[in-house]
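Structure at a glance
One-letter residues, chain by chain:
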Amino acid sequence: VIPTSSLVTTESGGSAVFTVVLNSQPSADVRIFLQSSDSSEGTVSPEELVFTSGNWNITQSITITGANDSVVDGDVVYTVITVPASSTDSNYNGLNGADVSVTNVDNDTAGITVTPTSGLETTEAGGTDTFTVVLTSQPTANVTIGLTSSDTTEGTVSPASLTFTQANWSTPQTVTVAGVNDPVMDGDIAYSIVTAA
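Figured I'd write up the structure that's included with this text. (Residues numbered from 1 in each chain as written. Predicted model: local features only at pLDDT ≥ 70, side-chain atom pairs only at ≥ 80, totals over all residues. Heavy atoms only, no water.)

Looking only at helices and strands, one finds zero helices and 15 strands in the chain. Against the 2.2 N^0.38 benchmark of 16 Å for 197 residues, the chain shows a C-alpha radius of gyration of 29 Å, more extended than a compact globule. Seen along its three principal axes, the alpha-carbon backbone of the chain occupies a region of about 100 × 25 × 20 Å. The buried share among the 197 residues of the chain stands at 29%. Of all intrachain contacts in the chain linking residues separated by at least 6 positions in sequence, the fraction that spans at least 24 positions is 65%. Total accessible area computed for the chain in this model is approximately 10700 Å², and 50% of it derives from carbon and sulfur atoms. (Helix = DSSP H or I, 4+ residues; strand = E, 2+ residues; numbered from the N terminus. Rg over C-alpha atoms; globule rule 2.2 N^0.38 Å. Buried < 20%, exposed > 50% of the residue type's maximum accessible area, 1.4 Å probe, protein only. Contact = heavy atoms within 4.5 Å. Areas by Shrake-Rupley, 256 points an atom, 1.4 Å probe, with all protein chains shown as cover.)

Right under this line is the structure:
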């Protein structure tokens, strides 16, 4: 089995290849099954190799393809397991080739996307405007974001907080900003909606 380490796949579908070949001619077919120790990080193709007395010395290539997830889990090491060989040749039956170590490179980053971040307008007559908030990756626990107005005499925000879960993290949540009336001729006032950490 060559190589048995230092292989890299990526969550964006990047793949790696290793080869398997027998060291001597078998007297009967030799079957070797291959499986990923973590199919959520990488998959293996083909999953079965067959060596015969005719092709035993021809290397067979196996492709490992990175699997994508939405979690910021860092680069994850997993293994391609070579199951002990099956053959009626007693020299090869049960012989176990080396497993292959692979690293799947993460492509997710934690982040909060607010759209838009400018250009919103409310009115003292109660006119409203909206923006949306969504996470850029799946969290491992609930994420709550508080929302407040920098000037409640000019505008209010609803809801006062947003909660994202493992299920709804990728669904934008809408926030409504409403203008507040005052009896003062103070012109157009700029204010902000503050997103808490």
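Having seen the structure, we can now continue with the description.
Another aspect to go through is the nonpolar core. One finds Phe18, Ile32 and Val80 to be the most contacted residues of the largest nonpolar core, which totals 20 residues. Elements with a minimum of two residues in this core: β2 (15-20), β3 (30-36), β5 (48-51), β6 (60-66), β7 (76-82) and β8 (100-105). The residues touching Phe18, leaving out its near neighbours within four places in the chain, are Val1, Ile2, Pro3, Leu7, Gln60, Ser61, Ile62, Ile64, Val80 and Val100. Counting 11 residues, the second-largest nonpolar core is a separate cluster that includes Phe131, Leu135, Leu147 and Phe164. (Core = buried A, V, L, I, M, F, W, Y, C linked by side-chain atoms within 4.5 Å.)

Burial along strand β12 (residues 155-158) is one-sided: Gly155 and Val157 are buried, while Thr156 and Ser158, pointing the other way, are not. Where β12 and strand β14 (residues 173-179) come together, four bridges link them in antiparallel fashion. By the bridge assignment, Thr156 is partnered in β14 with Ala178. (Pairing = 2+ DSSP bridges.)

Next up on the list: the layout of surface pockets. Regions of empty space are outlined by a rolling probe, equal in size to a water molecule, passed over the atoms. When its volume is computed, the largest pocket comes out at roughly 640 Å³. Taken together, 23 residues form the lining of the largest pocket, with Leu120, Glu121, Thr122, Ile189 and Tyr191 sitting closest to its centre. Listed by contribution, the elements that provide at least two residues to the lining of the largest pocket are β14 and β15 (193-195). Taken together, the residues that form the lining of the largest pocket break down as 10 nonpolar, nine polar and four charged. For the second largest pocket, the calculated volume is near 260 Å³. Taken together, the residues of the lining of the second largest pocket break down into eight nonpolar, four polar and no charged. (1 Å grid on protein atoms, 1.4 Å probe; cavity = no way out; pocket = protein on both sides within 12 Å on 5 of 7 lines; lining within 4 Å. Points joined across faces, edges and corners; volume = space filled by probe spheres on them. Nonpolar A, V, L, I, M, F, W, Y, C, P; charged D, E, K, R; others polar.)

Enumeration over the complete set of coordinates arrives at one salt bridge. Arg31 is paired through a salt bridge with Glu48; the nearest N and O atoms lie 2.7 Å apart. Of the two residues, Arg31 sits in strand β3 while Glu48 sits in strand β5, which places them 17 residues apart along the sequence. (Salt bridge = Lys/Arg side-chain N within 4 Å of Asp/Glu carboxyl O.)

Take unusual backbone geometry next. Only a minority of non-glycine residues have a phi that is not negative, and only a minority of peptide bonds are not trans. With an omega dihedral of -15°, the bond running from Ile2 to Pro3 counts as a cis peptide bond. Mapped onto the elements of the fold, Pro3 is located in the segment before β1 (7-10). Despite not being glycine, Ser6 shows a phi value in the positive range, around 70°. Looking at the element boundaries, Ser6 is found in the segment before β1.

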